[in-house]
Amino acid sequence: MSTVSIEPLVGHCRRESRRYGAKSKAFKPSSLNCYTNHKLVFQARSFCNFRPPKVHALRASSTTTTAPVETVESADVFFKETFPLKRTETVEGTIFIRLDHGQNNRNWELTVGCDLPGKWILHWGVSYVDDVGSEWDQPPTEMRPPGSIPIKDYAIETPLKKSSSPEGDTFYEVKIDCKPNGAIAAINFVLKDEETGAWYQHRGRDFKVPLGDYLQDDSNIVGAKRSFDKWQGALGPLSNLLLKAEASNSKASGSSTESRDLKQESWSLEGFNEELPIAKQFALDNSVTVCVRKCPETAKNHLYVETDLPGDVVIHWGVCRDDTKKWEIPAAPHPPNTIAFKDKALRTRLQSKEGGDGCFGLFTVEEGLEGFLFVLKLNENTWLKCMGNDFYIPLSSSSSLPAKSRQGLSESAQIPENNAEANQKGSISAYTSGIINEIRNLVRDISSEKSQMTKTKEAQESILQEIETLAAEAYSIFRSSTPTFSEEAVVETEELKPAVKICSGTGTGFEILCQGFNWESHKSGGWYMELKERASELSSLGFTVIWLPPPTESVSPEGYMPKDLYNLNSRYGNIDELKEVVKKFHEAGMKVLGDVVLNHRCAQYQNQNGVWNIFGGRLNWDDRAVVADDPHFQGRGNKSSGDNFHAAPNIDHSQNFVRKDIREWLCWLREEIGYDGWRLDFVRGFWGGYVKDYLEASEPFFAVGEYWDSLSYTYGEMDHNQDAHRQRIIDWINATNGTAGAFDVTTKGILHSALERCEYWRLSDQKGKPPGVLGWWPSRAVTFIENHDTGSTQGHWRFPSGKEMQGYAYILTHPGTPSMFYDHIFSQNRSEIAALISLRNRNKIHCRSKIKIAKAERDVYAAIIGEKVAMKIGPGHYEPQSGAQRWSLATEGKDYKVWEAS
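Residues numbered from 1 in each chain as written. Predicted model: local features only at pLDDT ≥ 70, side-chain atom pairs only at ≥ 80, totals over all residues. Heavy atoms only, no water.

**Student:** Residue-level account of the overall build of the chain, with values.
**Tutor:** The number of helices and strands found in the chain is 17 helices and 41 strands. Relative to its 902 residues, the chain shows a buried fraction of 53%. Contacts spanning at least 24 positions in sequence make up 67% of the contacts within the chain whose residues lie at least 6 apart. With the model as given, the accessible surface of the chain reaches about 39,900 Å², and the carbon-plus-sulfur share is 48%. (Helix = DSSP H or I, 4+ residues; strand = E, 2+ residues; numbered from the N terminus. Buried < 20%, exposed > 50% of the residue type's maximum accessible area, 1.4 Å probe, protein only. Contact = heavy atoms within 4.5 Å. Areas by Shrake-Rupley, 256 points an atom, 1.4 Å probe, with all protein chains shown as cover.)

If you want it as structure tokens, here you go:
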């Protein structure tokens, strides 16, 4: 990767000047200022907008011409192509941190700024003196600058404002009022460039600016105390933040409270001004245009190559005689400034265009050749290819493709080949991949909370119009590949036969799932062997699928912080015991799901900054496998395609090597252990399209994803309309191409309110259908009332106590795939659950069974399922009407009844 001076970037990108630094009068360093040579590099993914390249006309003249001036008839040009070029430039700048007195000379003011272009955001919080369990808390309201936005309950994000120094230099800064009162120990922050997703930390950790004498031993302070003679480490001596002990104040006496106040007053702050050099990498868009003309007089090929790349550009080129594309040197004449390279290629320095806006070259090659090959060289470390391949230009009109731009091709696209059919197929696939990426980026841009508050309505509408245009273009190509969901489009079959495979990942439709563990199961020391003894019992109760706990080595004993994915010795048992329990359930006629955590993975090694983001074991990934937009783990991957899980490094599934390794791992689990499918943890963290890839590779019998987010509430009360919530789950299922189901969190939440508040009217939506995923896409809805997170000893969202059987009466009689929690099965409710499972199996209720809601009132809900089963829950009265069918009571319990058609 090349490092270049700032001038070319400023000239071409039209960005603000970045000359502000140590010489700026506005920020002149005091005698206490310290400056380090610790350089930090940003991985920037925004693009500078260069002017479109000017395509010059060709003329039939010798290659010594300094600039083309004559126009060529369009009939003479049989190939013309503009290829995109991607490159990076590194720009150096400064981050400055200053603490000094505010305007009234009483309070203190912390200034954080940067002199590099970007959309800078200060992500910050405070540490209180008596904090024990948390390093970050939200600051008091009076400290928050205008435009600040709360981030959950622990931080604030404040945009940096653009400013100018007296010399006219541009920089970005934010000021925070500090009132040292003894309560706040320090201000913590990281700096984020929202434009690129890059984060800046201090030696791999959060910045800390102490406001009192509480952090003397903290090795990550910005500034130092007077007691420190010299700061050890990469940042060199930091002696700017001094705390003075005032002897006169320390002599005061009084109550214990008074003593503490005086102790705090015995320390006073002194200002500091610290500057840290950084380097930011800008991704730049350029292009190269190639025109090929057959000379009528000589039958030779004349090629014109021009590019808008700045500086001295060398073209490394040759020709080939057939489709093997073997490089060779063409016969003379060659352009000026051409030298041979190892008898295999030529190198020619391109000529600068008038005005210095890019460069060009003219080449003449004999007839009878198949193609012209080249790459571009900017310097010894920077070579530009065509999306990973050598540029290939056909030299006969029969082998050339239509002269059109391929700006939308992805990096996997190839240079024009002789096989037109294969080339067209690859180009379309790559092109639509580019469209999908553009749509995803635009949606992420407009949907973020920050963007909604700062973007104008006109800007949002403009983005939406771009999305619509791109979506229409993609739909015209993939019109029949992925069906768009609508209520009418989902046709549910009236009658299904057991053991008939519907499609990969969705089973037969008659599955009844058992979660075979709880939050404390790992403490048994041999859970696999305990569960093995339950296999026949669970099968006899009517369960068809068992969900086992996460099998991998894990930082947390429950298994949800995996390390070495191929190490299957966990707190639940070893790999041999796992194979035994899987075999036992297979013998009992049950399928087995593995709980796989694909969103995040705990590292085994630290990087040079002390951040845990280097992995070990068989999948020894480096920090390229970690997403770039989580500041805690300094990943060098791309931005996350979902929500980050901040307790561990989030895996970047856009990386080809990551997806390849995960596919191989899942297939290995299927073959080695015998898993029949997957329960996918925290799928909200990455795009459902990646799940589709993994499921198509591993071909599970059944798969279900945990897509979990909050329902809609108004003033603390759950809204009746939860369409937006279930739509988000539907969107994820659709992204997997329907290859997986999802836990119906919407239905669980609505059951909570309905049963707890006696508001059974909530169990019908505005169209008279079940209000969860169950009502829109029942064949992909996995219904449940409790699991290891919501129940057990965690109890994060426990089902209303004493009303569990009403919940099970609902999900075991309704369409969808019901899932039961281990703790409930082996409890006082066991016989009632067994009766409901038996009734479901006896009446062949399946995931697509038709349902008609008969009643949804304040104190009662009733429905008829498949014209075979009638049910009601709630204290209110309901009896099914006898007409063509006669009903008999099959089972009942507290506030629920179920009937069967006679």
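**Student:** For helix 13 (residues 745-756), give the residues involved together with the corresponding values.
**Tutor:** Between its first and last C-alpha, helix 13 extends 17 Å over 12 residues, near the 16 Å set by a 1.5 Å rise per residue. Here helix 13 lies mainly inside the structure; 11 of its 12 residues are buried. Restricting attention to buried positions, one finds in helix 13 the residues Val745, Thr746, Thr747, Lys748, Gly749, Ile750, Leu751, His752, Ser753, Ala754 and Leu755. Backbone geometry just after helix 13 places Cys758 at a positive phi near 55°. (Expected span 1.5 Å × (residues − 1).)

**Student:** So what's going on with the side chain of Thr746? Residues and values would help.
**Tutor:** Residue position: Thr746 is located in helix 13. Here His725 takes part through its side chain, which lies 2.7 Å from a polar atom of the side chain of Thr746. In contact with Thr746, not counting residues within four places along its chain, are Leu711, Gln722, His725, Arg726, Ile729, Pro771, Gly772 and Val773. (Polar contact = N/O pair within 3.5 Å; in protein donor to acceptor, adjacent residues only side chain to side chain.)

**Student:** Got a sec to walk through the packing of aromatic side chains? Specific residues and values, please.
**Tutor:** Counting across every chain of the model gives 26 aromatic pairs. When the centroid spacing of 5.9 Å and the interplanar angle of 50° are considered together, the rings of Phe372 and Phe374 count as tilted. The exposure classification of Phe372 matches that of Phe374, with both residues buried. Here the aromatic rings of Tyr878 and Trp899 are separated by 6.0 Å at their centres, their planes lie at 75°, and the arrangement is edge-to-face. You can see Tyr878 sitting in the loop between strand 39 (869-873) and strand 40 (887-893) and its partner Trp899 sitting in strand 41 (residues 896-901), a full 21 residues away along the chain. As far as the burial class goes, Tyr878 and Trp899 line up, both buried. Here the aromatic cluster, defined as three or more aromatic residues joined through ring pairs, consists of Phe517, Tyr528, Trp547, Tyr572, Trp708, Phe743, Phe784 and Trp797. The aromatic ring of Phe341 is capped on one face by Arg347, whose charged end is 4.0 Å from the ring centroid. Geometry around Phe826 places Arg534 over its ring, the cationic atom sitting 3.9 Å from the centre. (Phe/Tyr/Trp six-rings, centres within 6.5 Å; stacked < 30°, edge-to-face > 60°. Lys NZ or Arg CZ within 6 Å of the ring centre and 35° of its normal.)

**Student:** Please set out the confidence of the model for the chain residue by residue, giving values where relevant.
**Tutor:** Confidence in the prediction for the chain averages 78 pLDDT; 72% of positions are at 70 or higher. A low-confidence stretch, residues 400-428 stays under pLDDT 50, and its non-local contacts, those more than four residues away or across chains, total 53 contacts. Taken as a whole, residues 475-503 scores under 50 in pLDDT and shows 50 contacts with residues more than four places along the chain or in a different chain. (pLDDT = per-residue confidence, 0-100.)

**Student:** Account for the nonpolar core, with residues named and values stated.
**Tutor:** With 110 residues, the main nonpolar core has Phe543, Leu669, Tyr808 and Ile873 as its most contacted residues. Ranked by residue count, the leading element in this core is helix 10 (residues 656-672), at six residues. Excluding its chain neighbours within four sequence positions, the residues that come into contact with Phe543 are Ile512, Leu513, Cys514, Leu538, Met590, Met820, Ile825 and Ile837. (Core = buried A, V, L, I, M, F, W, Y, C linked by side-chain atoms within 4.5 Å.)

**Student:** Please set out the packing of helix 15 (residues 804-811) against helix 17 (residues 830-842) residue by residue, giving values where relevant.
**Tutor:** Two numbers describe how helix 15 lies on helix 17: the axes approach to 10 Å, and their chain directions differ by 10°. Comparing the axis directions of helix 15 and helix 17 gives the class roughly parallel. The segment helix 15 lies against helix 17, with Met805, Tyr808, Ala809 and Ile811 engaging Glu832, Ile833, Leu836 and Arg840. (Axes fitted to C-alpha atoms, helices over the stretch in contact; angles between N-to-C directions. Parallel < 35°, antiparallel > 145°, perpendicular 65-115°, else oblique.)

**Student:** If you had to explain the pattern of salt bridges to someone new, which residues and values would you point to?
**Tutor:** A complete count under the given rule lists 37 salt bridges for this structure. The shortest N-O distance in the salt bridge between Glu580 and Lys532 comes to 2.8 Å. Of this pair, Glu580 sits in helix 9 (residues 575-587) while Lys532 is found in helix 7 (residues 527-532), placing the two residues 48 residues apart along the sequence. The class for Lys532 is partly exposed, based on a relative accessible area of 21%. A salt bridge links Asp765 to Arg726; the shortest N-O distance between them is 2.8 Å. Of this pair, Asp765 sits in the loop between helix 13 and helix 14 (773-776) while Arg726 is found in helix 12 (residues 723-735), placing the two residues 39 residues apart along the sequence. (Salt bridge = Lys/Arg side-chain N within 4 Å of Asp/Glu carboxyl O.)

**Student:** How would you summarise the sheet that holds strand 40 if you had to cite specific residues and measurements?
**Tutor:** Strand order in this open sheet of five strands is 37-38-39-41-40, and the pairing throughout is antiparallel. The sheet is open, and its two edges are formed by strand 37 (851-856) and strand 40, each paired on a single side. For this sheet, the mean inter-axis angle between neighbouring strands, taken without regard to orientation, is 15°. Two strands pair when backbone bridges link them, and strand 39 and strand 41 are joined in this way by five bridges, in the antiparallel orientation. Residue Ala870 lies in a different strand from strand 41, and its bridge partner there is Trp899. Of the strands in this sheet, strand 38 (861-865), strand 39 and strand 41 touch helix 15, which is tilted by about 150° from strand 39. (Pairing = 2+ DSSP bridges.)

**Student:** Outline unusual backbone geometry, supporting the account with residue identities and numerical values.
**Tutor:** The step from Ala332 to Pro333 runs through a cis peptide bond, and the omega angle for that step is 10°. Here the phi dihedral of Ala299 falls at roughly 65°; this positive angle occurs in a residue that is not glycine. Relative to the helices and strands, Ala299 is located in the loop between strand 15 (272-294) and strand 16 (301-307). Positive phi is not limited to glycine here, since Asn337 has a value of about 60°. On the secondary structure map, Asn337 appears in the loop between strand 17 (314-320) and strand 18 (338-341). With relative accessibility at 56%, the residue Asn337 sits in the exposed group.

**Student:** I'd like a description of the sheet that holds strand 34 (residues 741-743), backed by residues and values.
**Tutor:** The sheet built from eight strands closes into a barrel, its strands ordered 25-26-27-30-31-34-35-36 with parallel pairing. Across this sheet, the average inter-strand angle for adjacent strands is 30°, counted without regard to direction. Bridge analysis of strand 31 (residues 702-705) against strand 34 gives two bridges, and the strand direction is parallel. In the sheet register, Gly705 faces strand 34, and the bridge partner there is Ala742.

**Student:** Describe in detail helix 12, supporting the description with residues and values.
**Tutor:** When the terminal C-alpha atoms of helix 12 are compared, their 18 Å separation across 13 residues agrees well with the 18 Å that a helix rising 1.5 Å per residue should span. Looking at helix 12, one finds that the buried residues are His725, Arg726, Ile729, Ile730, Trp732 and Ile733. Along the axis of helix 12, the buried positions cluster into a sector of 160°, meaning they face one direction only. Where helix 12 ends, the next residue or the one after it, Asn737, has phi of about 65°, a positive value. (Arc of directions from axis to C-beta.)

**Student:** Which residues make up the pairing of strand 7 (residues 155-159), and what values do they have?
**Tutor:** Judged by how many residues are buried, strand 7 sits mostly within the fold: four of five residues are covered. Examined bridge by bridge, strand 5 (residues 120-128) and strand 7 share four bridges and lie antiparallel to one another. Across the sheet, residue Ile121 finds its bridge partner in strand 7, namely Pro159. Both strand 6 (residues 149-151) and strand 7 contribute to a ladder of three bridges, which runs antiparallel. Bridging from a neighbouring strand, Pro150 pairs with Ile156 of strand 7. What sits between the antiparallel neighbours strand 6 and strand 7 is a turn of three residues, in which Lys152 has the positive phi angle 50°.

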